[in-house]
There are 4 protein chains.
Amino acid sequence: MEKKVRVLIDCDDAKGLVYKISKVFYDRGLNIENNREFVDKEQSKFFMRTVVTGDFEVEELENELKKVIPSDANLNVVEPRRKKIVILATKESHALGDILIRHEAGELDADIEAVIANHDTLEHLVRRFDIPFFKVSAEGMSREEHEEHVMNVIDEQEFDYIVLAKYMRILTPTFVKAYPKQIVNIHHSFLPAFIGANPYKQAHKRGVKIIGATAHYVTDDLDEGPIIAQDVIPVNHRLEWREMQKAGRDVEKVVLSRALNYILNDRVFVHGNKTIVF
Amino acid sequence: MEKKVRVLIDCDDAKGLVYKISKVFYDRGLNIENNREFVDKEQSKFFMRTVVTGDFEVEELENELKKVIPSDANLNVVEPRRKKIVILATKESHALGDILIRHEAGELDADIEAVIANHDTLEHLVRRFDIPFFKVSAEGMSREEHEEHVMNVIDEQEFDYIVLAKYMRILTPTFVKAYPKQIVNIHHSFLPAFIGANPYKQAHKRGVKIIGATAHYVTDDLDEGPIIAQDVIPVNHRLEWREMQKAGRDVEKVVLSRALNYILNDRVFVHGNKTIVF
Amino acid sequence: MEKKVRVLIDCDDAKGLVYKISKVFYDRGLNIENNREFVDKEQSKFFMRTVVTGDFEVEELENELKKVIPSDANLNVVEPRRKKIVILATKESHALGDILIRHEAGELDADIEAVIANHDTLEHLVRRFDIPFFKVSAEGMSREEHEEHVMNVIDEQEFDYIVLAKYMRILTPTFVKAYPKQIVNIHHSFLPAFIGANPYKQAHKRGVKIIGATAHYVTDDLDEGPIIAQDVIPVNHRLEWREMQKAGRDVEKVVLSRALNYILNDRVFVHGNKTIVF
Amino acid sequence: MEKKVRVLIDCDDAKGLVYKISKVFYDRGLNIENNREFVDKEQSKFFMRTVVTGDFEVEELENELKKVIPSDANLNVVEPRRKKIVILATKESHALGDILIRHEAGELDADIEAVIANHDTLEHLVRRFDIPFFKVSAEGMSREEHEEHVMNVIDEQEFDYIVLAKYMRILTPTFVKAYPKQIVNIHHSFLPAFIGANPYKQAHKRGVKIIGATAHYVTDDLDEGPIIAQDVIPVNHRLEWREMQKAGRDVEKVVLSRALNYILNDRVFVHGNKTIVF
């Protein structure tokens, strides 16, 4: 049956990989719709994302490909499908709202399964879109207790990714380890500048002339995960930190949505602490 | 009674204007919170926007100021107030949605009185926010007839500004003249490049390496009104025109909201076919 | 003998091109150092730039490749070599100076054979770098006569490309046709905005909030050739047109040098009136 | 005698400053060519830069102004004059070359008195421009000894500012204290990201999607002085760190020259660890 798949390969580099892989496609009469590859020469790593169409069985294609790539290669033959996401937020609505509007317009290749927040500020907005909202208050709880409650709600959902749309709480290693390569965060600075709390206050104090935002996967180290997308805007001495914060929101929401879009389209490879975005 | 006003002055330039105006503020014991001025030397025009606070009557302040500025000066002493806007749209939701989310978050210094569209595509979204939606179909009508219907709906509203949030229809001079300096449009190109229909198709065909968006006041000449804000993003040969269109939406919505924010804060002077944005 | 070549192919798209081409490389035991390809689906055109290393004869590789690509394909197997350029200028030194400094630093993969100008303003600067300078005055001559003189000087040089580093004269079709795909120009606006004379004056008059520069191949139609690189900077109402011009120079020189660098590295394909830049 | 001066004032904020200062100008019949002011409300500080023309004595104007501003205000009435600079460099020519070309074109409002470097790599380039070049080798010397030699050469020059055009050595507090608010540096990252050595290597390792450059005054703390100008460019996974370095050079040179231009035009106020750039 005619189908379209995204073939994702990362492995140690070796001579002839492009030839051998494209031979598999050619021998089966598949069409290459799109092809990107990259070799990190320093680390001798090969990355490839190819969109192919044709009449084939996914499992058979996988088996054929496995024969020509290194045995420890990561291979994914992905049939494009609508992903599922869970969103964590706190009180600010701009990043969440941007995703909600895209979702409503059919421009987000995902279903929003739930929005979870530690305050009820955003409940009204989320309910306007008929999306389940869960308030999990952190009041009177230890970080660990609160996270357990949040994880309970998350684990009741079906989801591919957890999106931190200005979730203003630090995650414990337990949480992060539970969802490896599944958590995407928007940090309100051009990382690695202004790691940690209140980057706009820090930026204002430092007197920078540009501010920015960074979308990244969340790993153990706070604000240290692989960067997916970044952008900046110019500022000047006239802006107080709250005005920087306000101006920065437009960058934050656009950068998060851009990164989310890359991920939902299987365009991101994680490579150590970096990303390859095709 | 303690109050805060924005003093807006534009007039022919003359020696001592800053002195005379600031003397009025000083003599009345007012505080200057913010002050920006600009002189267009080529055309010998003076522009000033000053935010003052103090205990005074607006009318008295106006009278004092009138004594020191040229008799044909434009003077506005504006008490900051929540403005009212009417939005015109067609089918695309990104620019409208961005305004709705800001409105909901209390970040837009305006009330949305109504959304009017020539299709019902956006009705569902608008109703989610409990904002009146009016479909005014253009089907089977001349441009003039349709506009008359739209103007009827507009004129039933209270409003300060009309925001064209991707309203994909050309306005007649009659319409434009009815709302002078009140109509703000977002054009999906970095004007004056790609005036007219389908700028992304034009941009793709021309093979540009950047695309952009322009927020401007609407005047008689299509896409020729005073520019308020512009921004761009890089593109490359990989993007088909529909992908340019998709990427461009983020620029469009941010630029329109930025311009709208300037206007709602009385930061924009129209100066011939240009703007001064303080 | 071990060598490195850039294999440049553009042709009608066909199934199996990547496979067949990479098979040629594989069968000869060549290493792929870098590979980029692009398919313009709308026009069904295939573009590929591959850097391969190994022990082979260029002519043999070409013959092998010709067997697997369409008979009317454009194929170039290029051994990286220092190119030669001739620069045309008028009075402004920023774009020329930027190239001279890069040249001096060994960062330009080209030798500057000559600088030709219609004024002697830049002679002193060029001679500082021990580069031949030719003044070809246009005074008292028709455009055609002047160009004939310029072409005489050009044709005495060995060169791969002619770089118009702010050459402020319009070229006739005769001139352009004599050097097809060999002339690179920097235009001082983000084309297609402000085609023609004095774009900064035009930009100032139009009241734009961004200005830019465009590097492009020169074809018959003024400012209409394939765009190679573009960039912009923000401006505001405070800048008079001469200040825009001054600010714009930094964009002009950087964009021209960037485009020149792409060309010298054989990274640019001309595709109708567009470019593919790998 | 008709003259033009830049009046620079920074002081504690107080009611009526604009009025009182503009009254001084008005009473003497001076023309205001340009006026910018800024109040840092948080710290209650007032900054003003006014360009005035007229027939007056500088000393008298200063005395009049002193009467109306706080006694501990910083007041400078500056007659625009060509400044003098000394440039420190190491081996890279792009930032130095950019300044040399501007200087040659008469676009730099300064004379380059000398270029001092710890290697002779740049000697040839500097001599092309008939500018004194001093090599002060650091070989076999302690940092303190080397600096003493450099300072000896500097102190033999007349200069207003010392420009570090990619001077790759750390300065001691002794050096920095000797030239307060006179040293401008270009750092090859968007500070405060990647402080210290080899920021491009750091940026590459961190996997950022933008790189940048920062021009700042040099103070005791390495890379911590007041920022004057910053800019960035996008990068991606394809760039090795040396390619980032190469791409970054265009940002570095443009940002340094921009900052230098601000300084030479007396447009920069230092305010704690920040700058006000009018």
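The following paragraphs examine the structure supplied in this document. These numbers were taken from a predicted model, which means no experiment stands behind them.

**Structural notes on the overall build of chain A**
Moving on, step 1. If you tally the helices and strands in chain A, you get 8 helices and 13 strands.
Moving on, step 2. Here chain A has a C-alpha radius of gyration of 21 Å; the compact-globule value for 278 residues is 19 Å, and the two agree.
Moving on, step 3. Projected onto its principal axes, the C-alpha coordinates of chain A cover approximately 60 × 40 × 35 Å.
Moving on, step 4. Sorting the 278 residues of chain A into buried and exposed places 60% on the buried side.
Moving on, step 5. Carbon and sulfur atoms provide 45% of the accessible area of chain A, an area that totals close to 11,200 Å².
Moving on, step 6. Taken as two groups, the 39 positive and 46 negative side-chain charges of chain A have centres that lie 6 Å from each other.

**Re the packing of aromatic side chains**
Moving on, step 1. Counted under the stated rule, the structure contains 34 aromatic pairs over all chains.
Moving on, step 2. Geometrically, the ring pair formed by Phe 129 of chain A and Phe 129 of chain B is edge-to-face, given 5.6 Å between the ring centres and 75° between the ring planes. Separated into two different chains, Phe 129 of chain A in the loop between α4 (123-128) and β7 (133-135) and Phe 129 of chain B in the loop between α4 (123-128) and β7 (133-135) make up a pair that spans both. Accessibility assignment for this pair places Phe 129 of chain A and Phe 129 of chain B in one class, buried.
Moving on, step 3. Both rings, one in Phe 47 of chain B and one in Phe 269 of chain B, keep their centres 5.7 Å apart while their planes meet at 70°; by these two values the pair is edge-to-face. Of this pair, Phe 47 of chain B sits in strand β3 (residues 45-55) while Phe 269 of chain B sits in strand β12 (residues 268-271), and the two are 222 residues apart along the sequence.

**Some remarks on the interface of chain A and chain D**
The extent of an interface is frequently quoted as the accessible surface area lost upon association of the parts.
Moving on, step 1. Taken together, the 33 residues of chain A in the interface contact 33 residues of chain D.
Moving on, step 2. Contact with chain D buries area across many residues of chain A, yet Arg 206, Lys 209 and His 237 of chain A alone supply 26% of it, more than any other trio.
Moving on, step 3. Inspection of the region where chain A meets chain D yields 2 salt bridges.
Moving on, step 4. Between Glu 224 of chain D and Arg 206 of chain A there is a salt bridge whose closest N-O contact spans 3.7 Å.
Moving on, step 5. At the junction of chain A and chain D, the tally comes to 18 residue pairs in polar contact (both at pLDDT 80 or more).
Moving on, step 6. Of all the secondary structure elements, the ones that give two or more residues to the side of chain A that touches chain D are β2 (31-40), α7 (199-206), β11 (227-234) and β13 (274-277) of chain A.
Moving on, step 7. If you tally residues by element for the side of chain A that touches chain D, the top one is β11 of chain A, at 5 residues.
Moving on, step 8. Taken together, the residues of the side of chain A that touches chain D break down into 15 nonpolar, 7 polar and 11 charged.

**Some points on the relation of the copies chain A and chain D**
Moving on, step 1. Overlay of chain A on chain D (RMSD 0.0 Å): rotation 180°, translation along the axis 0.0 Å. Accordingly, the operation relating the two chain copies is best matched by a two-fold axis. Among all residues of chain A, the minimum C-alpha distance to the rotation axis is found for Ala 193 of chain A, at 2.2 Å.
Moving on, step 2. A high fraction, 100%, of the interface residues of chain A reappear at the interface in chain D, so the copies pair face to face through one surface.

**Details of the sheet that holds strand β1 (residues 2-12) of chain B**
Residue and element names in this part refer to chain B.
Moving on, step 1. The strand order across the open sheet formed by 4 strands is β2-β3-β1-β4, and the pairing between neighbours is antiparallel. At either margin of the open sheet sits one strand with a lone partner, and together these are β2 (31-40) and β4 (74-78). Ignoring strand direction, the axes of neighbouring strands in this sheet form an average angle of 10°.
Moving on, step 2. With 11 bridges connecting them, β1 and β3 associate as antiparallel partners.

**Some thoughts on a negative patch on the surface**
Moving on, step 1. A contiguous patch of negative charge on the surface is contributed by Glu 2, Asp 55, Glu 57, Glu 59 and Glu 79 of chain D.
Moving on, step 2. Within the fold, Glu 79 of chain D resides in the loop between β4 (74-78) and β5 (83-89).

The rules behind these values
- Residues numbered from 1 in each chain as written.
- Chains lettered and ligands numbered in written order.
- Predicted model: local features only at pLDDT ≥ 70, side-chain atom pairs only at ≥ 80, totals over all residues.
- Heavy atoms only, no water.
- Helix = DSSP H or I, 4+ residues; strand = E, 2+ residues; numbered from the N terminus.
- Rg over C-alpha atoms; globule rule 2.2 N^0.38 Å.
- Buried < 20%, exposed > 50% of the residue type's maximum accessible area, 1.4 Å probe, protein only.
- Areas by Shrake-Rupley, 256 points an atom, 1.4 Å probe, with all protein chains shown as cover.
- Lys, Arg positive; Asp, Glu negative; His and termini not counted.
- Charge placed at Lys NZ, Arg CZ, Asp CG, Glu CD.
- Phe/Tyr/Trp six-rings, centres within 6.5 Å; stacked < 30°, edge-to-face > 60°.
- Contact = heavy atoms within 4.5 Å.
- Buried area = accessible area lost by both parts, 1.4 Å probe.
- Salt bridge = Lys/Arg side-chain N within 4 Å of Asp/Glu carboxyl O.
- Polar contact = N/O pair within 3.5 Å; in protein donor to acceptor, adjacent residues only side chain to side chain.
- Nonpolar A, V, L, I, M, F, W, Y, C, P; charged D, E, K, R; others polar.
- Least-squares fit on C-alpha atoms with pLDDT ≥ 70 in both.
- Pairing = 2+ DSSP bridges.
- Axes fitted to C-alpha atoms, helices over the stretch in contact; angles between N-to-C directions.
- Patch = residues over 30% accessible without salt bridge, like charges linked within 9 Å, V, L, I, M, F, W, Y side chains within 5 Å.

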